[in-house]
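As a plain string of letters, each chain reads:
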Amino acid sequence: DRGVLRADRYCEPMTVLKSCWSVALASALSLSLSCTSPTEPASNRVIGIGDSLMLLATPNIREALASRYDETIIARNGQRIDEMLPVLRTALRDEQPVAAVIVNLGTNNVMQAAGYADALDDFDRFIAITGSVPCVVLTTISTRLDDLRGNTVGADLNAKIRELQVKDPGRYQVADWDAAVRAPGGAERLLVESDGIYDGIHENHGAGRQWFADQYAEALSRCPGLNRP
C-alpha cells in the first residue's frame, strides 16, 4: 500500500493587490493599501511534493513550517518523479497562488533505474511545471544509492539541481542531502536508528527527519520576497 499524508492548511492566502490607492474619509481618516511587487510571491503558501523520505519527515517539516507558512505536503511511498507529476499539476492548480514548492524526489528513480530510464527528462518536466512558482527548494539524492545500484542516476539528477542553483540562486534553493550523508559520520548520524537498524535509504527517526525539517525551513527563509507572517 502507498502511504499518503497531506498537511492541513493553517491560514488563508493573502490577497494580491494589483494597485496602490488611498481613500480619504471625513475628518482626515484614510485607508491605505500597499502594493505587492510583480516579482514577489502572492502568498506564503508552500507545497511539498515527495516520496517516502518526505513522508517520514512530514511531522517534523510541518512543525518547522506551520507558524510561518501555509503548507500542504503530499508524499507517497515508492514514487518516481514521473509518478508525482500529475500530483504536482493538481496541487499547483488547487492551491494557487503558490509561493514555493519543496521537492524530494529521485530516490526511487535510482532504485528503479533498471526498468525505467527517463529520470532526467522527467526532472526537466517537473521544473517546467513549476515555471510560475517564485521559489523551488530541491533536495539532492544520496549518491550512496548510485553505488548500491550500480548507476549514476542520483549523481546526474544532482548535477541538474546544482546547475539550476548556479543559474538562478535566488529562485532555486538546495537542501543537500547527498552532502549530508556523505560527510564524515553523516550516514551514521542521519540514517542509522538508535537500535542499529539501517536500510541505507531512509533517514532515521531522530536527526535524519529533523535534518529535512531544518533544511527546508532554512531554504524557505532564503527565498526572495516570500511573505512570512
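Model, not experiment: these values are computed from the prediction.

Chemist: How do you make sense of the overall build of the protein when you look at a structure like this?
Modeler: Helices and strands together make up the secondary structure of the protein, namely 9 helices and 8 strands. A total of 229 residues make up the protein; the buried ones form 49% of that total. Excluding contacts between residues fewer than 6 apart, the proportion of contacts in the protein whose partners are at least 24 apart in sequence is 75%. A total of about 11,000 Å² of accessible surface is found on the protein, and carbon and sulfur atoms cover 52% of it.

Chemist: Mind showing me how you'd approach the pairing of strand β8 (residues 172-175) here?
Modeler: Successive side chains on a regular strand alternate, one facing one side of the sheet and the next facing the other. Here β8 shows a buried face lined by Tyr172 and Val174 and a second buried face lined by Gln173 and Ala175. For strand β7 (residues 135-139) and β8, the ladder comprises 4 bridges, and the chain directions are parallel. Looking at β8, one finds that Leu138 is bridged to Val174.

Chemist: Looking at this structure, I do not really get the side chain of Asn60. What am I missing?
Modeler: By secondary structure assignment, the location of Asn60 is in helix α1 (residues 52-65). The exposure class assigned to Asn60 is buried, which follows from its relative accessible area of 17%.

Thresholds applied
- Residues numbered from 1 in each chain as written.
- Predicted model: local features only at pLDDT ≥ 70, side-chain atom pairs only at ≥ 80, totals over all residues.
- Heavy atoms only, no water.
- Helix = DSSP H or I, 4+ residues; strand = E, 2+ residues; numbered from the N terminus.
- Buried < 20%, exposed > 50% of the residue type's maximum accessible area, 1.4 Å probe, protein only.
- Contact = heavy atoms within 4.5 Å.
- Areas by Shrake-Rupley, 256 points an atom, 1.4 Å probe, with all protein chains shown as cover.
- Pairing = 2+ DSSP bridges.

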